[in-house]
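Letter by letter, the chains look like this.
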Amino acid sequence: MIFSPLIDQLIMALRCLPGVGPKSAQRMAFHILERERSSGLNLAKILETAIMQVKHCQRCRTLSETTLCNLCANLNRDQSLLCIVETPADVIAIEQTGSYRGYYFVLLGRLSPLDGIGPEELGLDQLLKNLTEHPPQEVILATNPTVEGEATAHYLAEIIKQRNINTSRIAHGVPLGGELEFVDGNTLARALTERSEV
Amino acid sequence: MHQTILLQPSYILHTRPYRDTSLLLEIFSRDHGRINAVARSARGPKSRFKGMLQQFVPLVLSWQGRTELMNLTVAESYGISHYLTGEALLCGIYLNELLMRLLHRHDAHPGLFAAYQQALIGLQQQQQQITLRLFEKRLLIELGYALQLDKDASTGMDIMLEQYYYFDPIQGLISCANHASKKNIFRGESLLALHYEELTDREHLRDAKRLLRLAVMSLLDNKPLKSRELFLYQLFPLKKQE
């Protein structure tokens, strides 16, 4: 052991973060101990409070410390649209585009039968409850364009259609500003089969 | 032993995120069977594998390594990709689960690889039932558990159209007098239809499904298939399945 036990523990603890290996963990630990003691203390406090208090929004299941998250509590949004995504990060990604004004539902995963993730793990009973209490005119399925994401979208479409709600899937295609030559074959094939009229 | 495999025709059966940006792959290759490999930084923003490492896409892959876990070095798409949607997609997941559970690592089955490719084409053409049955039959043959569908296992006599037969996963088909609606008794006509792969009649197709399920499930030690559960869920959403 090169460092004293407490420093070692701190380095080990920092390694739980994504993208942080032994070397960066060591840099972070020394930085906090040498220069940023007060901010480090602040970080520790906020980390503790956040972990204790942040739960899932009761309506859309995204991360939030209030029972209803900011987006769900905002009554000025478009009540007729509901967008279903896989993770809270997807909500942020869509919000940053500024082109969507409806509400969200976060699955916190996707159907992956081979990993043992079935419909129960995705909070679908909550989704069905939402659809009954606040029925939207259209549900947008924005799960990832992977095999599991597609399977999830198909499954959701089947159960949402039974409730006579319009269901749509986000489009797949060539990225803006991209060049066809460098787009992978599968995306290009999809873009061609699902082309739209102009 | 260090192994380098170059440009091997393969399909990806399943992927799992690994570390920060890598991907763990279950690969079904033509000449090397089922392989476990890791695609380093495949999920990163500058990945050279971007959008390529997907199920149901014909690929040529190169990998190297000396342990169980190989290192994926090259991936190129090869031929036309099988674009499965809706129910066909769930059927494709079912095929992948069968292969993952029944194939041993590094056991080559070129015949099965061809059958898998054929099955994906069948699924794409929306002929789910026939496609799945023929693939299951082929799978049993390749694994050495071929069903003897034209001979009575106890007497060695030919299967008769009008006769009823009892299916035992170990012995095979044995003629029986009682045709009360038991789940492991089959009519000779249906057995021969499956034998000659002429599954046009709905009744024959239903019997083939029943028979092949018994045979496949006995290979799986009767442990349920996750992808089948998803099908049942779809029929009865949110009811706990037994």
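Residues numbered from 1 in each chain as written. Chains lettered and ligands numbered in written order. Predicted model: local features only at pLDDT ≥ 70, side-chain atom pairs only at ≥ 80, totals over all residues. Heavy atoms only, no water.

### Side note on the overall build of chain A
Going by this rule: Numbering goes from the N terminus for both helices and strands, where a helix is a DSSP run of H or I of at least four residues and a strand is a run of E of at least two. Computation of the radius of gyration draws on C-alpha atoms, with the globule rule given as 2.2 Å multiplied by the number of residues to the power 0.38. We call a residue buried when its accessible area falls under 20% of the maximum for its residue type, exposed when it is over 50%, and partly exposed in between, using a 1.4 Å probe and counting protein chains only. With residues, only the protein chains shown are counted as cover, and all accessible areas are computed by Shrake-Rupley using a 1.4 Å probe. Only four residue types enter the charge count, namely Lys and Arg as positive and Asp and Glu as negative; His and the chain termini do not. Positions of charges follow a simple convention, taking NZ of Lys, CZ of Arg, CG of Asp or CD of Glu.
For chain A, the helix and strand inventory stands at eight helices and six strands. From first element to last, N terminus to C terminus, chain A shows the α and β order α-α-α-β-β-α-β-α-β-α-β-α-β-α. Here the C-alpha radius of gyration of chain A, 22 Å, is well above what a compact globule of 198 residues would show, namely 16 Å. Overall, the C-alpha framework of chain A stretches about 65 × 45 × 35 Å when taken along its three principal axes. Relative to its full complement of 198 residues, chain A shows a buried share of 36%. Carbon together with sulfur atoms contributes 57% to the accessible area of chain A, which is approximately 12300 Å² in total. Side-chain charges of chain A comprise 18 positive and 23 negative groups, with the mean position of each set lying 7 Å from the other.

### Quick word on the domain arrangement of chain A
Applied cut-off: Domain limits in this description derive from either an automatic procedure or a database domain assignment.
You can read the domains of chain A as domain 1 (5-53) and domain 2 (79-169). The C-alpha-based centres of domain 1 of chain A and domain 2 of chain A are spaced at 36 Å.

### What to know about empty space enclosed by the protein
A probe as big as a water molecule, rolled over the atoms, marks out the empty space that is left. Where we set the bar: Every definition here rests on a 1 Å grid over the protein atoms only: cavities are sets of points where a 1.4 Å probe fits but cannot get out, pockets are open sets enclosed by protein on both sides within 12 Å along at least five of seven lines, and lining residues have some atom within 4 Å of a point. Grid points are joined across faces, edges and corners, and a volume is the space filled by probe spheres set on the points. Gly is put with the polar residues, along with every residue not named as nonpolar or charged; the nonpolar set is Ala, Val, Leu, Ile, Met, Phe, Trp, Tyr, Cys and Pro, and the charged set is Asp, Glu, Lys and Arg.
Per the counting criterion, the structure on display carries three cavities of 30 Å³ or more. Taken as a whole, the largest cavity spans an internal volume of roughly 120 Å³. Here the residues of the lining of the largest cavity sort into seven nonpolar, three polar and one charged. Of the pockets and cavities examined, the second largest cavity occupies roughly 50 Å³. In terms of lining residues, the second largest cavity is bounded by S112, P113, L114 and E148 of chain A together with L13, H14, Q55, I93 and N96 of chain B. Those elements giving two or more residues to the lining of the second largest cavity turn out to be strand 1 (3-18) and helix 1 (86-102) of chain B. Its residues placed into classes, the lining of the second largest cavity shows four nonpolar, four polar and one charged.

### Description of the pairing of strand 5 (residues 138-141) of chain A
Residue and element names in this part refer to chain A. Worth spelling out the cut-off: Should DSSP find at least two bridges between two strands, the strands are taken to pair.
Across four bridges, strand 3 (residues 81-85) lies against strand 5 in parallel orientation. Pairing of I84 across the sheet is with L141, part of strand 5. Where strand 5 lies against strand 6 (residues 166-169), four bridges are found, and the strand directions are parallel. Looking at the pairing, L141 lines up with R169 of strand 6.

### Overview of unusual backbone geometry
Trans is the common state for peptide bonds, and a negative phi is the common state for residues other than glycine. Residues and elements named next belong to chain B. Unlike most non-glycine residues, L7 shows phi in positive territory, near 45°. Along the chain, L7 falls in strand 1. One non-glycine residue, H106, adopts positive backbone phi at about 60°. By the element assignment, H106 lies in the loop between helix 1 and helix 2 (110-124).

### Re the sheet that holds strand 8 (residues 185-187) of chain B
Residues and elements named next belong to chain B. Here is the rule: Orientation is described by lines fitted to C-alpha atoms, with helices fitted over the stretch in contact, and by angles between N-to-C directions that extend from 0 to 180 degrees. Note on contacts: a residue pair is in contact if any heavy atoms of the two residues lie within 4.5 Å.
The three strands lie next to each other as 7-6-8, forming an open sheet whose pairing is antiparallel. For this open sheet the edge positions go to strand 7 (172-176) and strand 8, each flanked by a neighbour on one side alone. Adjacent strand axes in the sheet meet at a mean angle of 40°, parallel and antiparallel pairs treated alike. The sheet contact formed by strand 6 (residues 164-168) and strand 8 spans three bridges and is antiparallel. What sits directly across from Y166, in strand 8, is I185. Contacts from helix 5 (residues 202-219) reach strand 6 and strand 8 within the one sheet, and its direction differs from that of strand 8 by about 140°.

### Section: the sheet that holds strand 3 of chain A
Residues and elements named next belong to chain A. With parallel pairing, four strands are arranged side by side in an open sheet as 4-3-5-6. The sheet is open, and its two borders are formed by strand 4 (103-106) and strand 6, each paired with just one other strand. When strand polarity is set aside, the average angle formed by the axes of neighbouring strands in this sheet is 25°.

### A short note on the nonpolar core
We apply this condition: What we call a nonpolar core is a set of buried Ala, Val, Leu, Ile, Met, Phe, Trp, Tyr and Cys residues that are connected through their side-chain atoms within 4.5 Å.
Membership of the largest hydrophobic core comes to 73 residues, with the highest contact counts inside it found for I84 and L156 of chain A together with L95, L99 and Y116 of chain B. The dominant element in this core, judged by the number of residues it contributes, is helix 1 of chain B, at 11 residues. If we skip the residues at most four places from it in the chain, L95 of chain B touches Y116, A119, L120, L123, L132 and F135 of chain B.

### A closer look at the packing of helix 4 (residues 188-195) of chain B against helix 5 of chain B
Residue and element names in this part refer to chain B. Going by this rule: Roughly parallel covers angles under 35 degrees, roughly antiparallel covers those over 145, roughly perpendicular covers 65 to 115, and oblique covers all other angles.
Packing of helix 4 against helix 5 brings their axes to within 9 Å, and their N-to-C directions diverge by 80°. Comparing the axis directions of helix 4 and helix 5 gives the class roughly perpendicular. On helix 5, the residues touching E189, S190, L191, A193 and L194 of helix 4 are E203, H204, D207, A208, L211 and L212. Tallied by class, residues from the contact of helix 4 with helix 5 come to six nonpolar, two polar and three charged.

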